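Chain by chain, the residues:
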Amino acid sequence: MNGESRRIIDLIANRHDFCIEAAYILHEAFRGRGAEAWPTLDKARAEVEECCAEGFICLGLAEAGGEAERLVGWAILRPLYEFCWELHLLAVLPERQGK
């Protein structure tokens, strides 16, 4: 980790701080994986806003290294049935995947 610390954040409560980063991660993580896979940052940002709707669980992994904290990945859980949740989306910065 090279002195970096990580923390789980609630993206719904912090959406204004991390919305652009989450959209960038979504766009980059799925780039080249199909024409419908958030081909623009605007489409990715709209997906992030939709995922931060009430009733969903939206968690991010933030790393602090030096002065700034940055989002490196995030996931959405949405209710499917009364006692069942669906992992709707999982996106990680390409350079952080597999680490």
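Residues numbered from 1 in each chain as written. Predicted model: local features only at pLDDT ≥ 70, side-chain atom pairs only at ≥ 80, totals over all residues. Heavy atoms only, no water.

Novice: How do you make sense of the pattern of salt bridges when you look at a structure like this?
Specialist: Any two side chains of opposite charge can pair, so long as their charged atoms come close to each other. Throughout the structure, instances matching the rule amount to eight salt bridges. In this structure, R7 engages E69 in a salt bridge whose closest nitrogen and oxygen atoms are separated by 2.7 Å. Of this pair, R7 sits in strand β1 (residues 5-10) while E69 sits in strand β3 (residues 68-81), and the two are 62 residues apart along the sequence. On the accessibility criterion, R7 (42% relative accessible area) is partly exposed. For E69, a relative accessible area of 29% corresponds to the partly exposed category. Through salt bridges with shared partners, one network takes in R6, E63 and R96. (Salt bridge = Lys/Arg side-chain N within 4 Å of Asp/Glu carboxyl O. Helix = DSSP H or I, 4+ residues; strand = E, 2+ residues; numbered from the N terminus. Buried < 20%, exposed > 50% of the residue type's maximum accessible area, 1.4 Å probe, protein only.)

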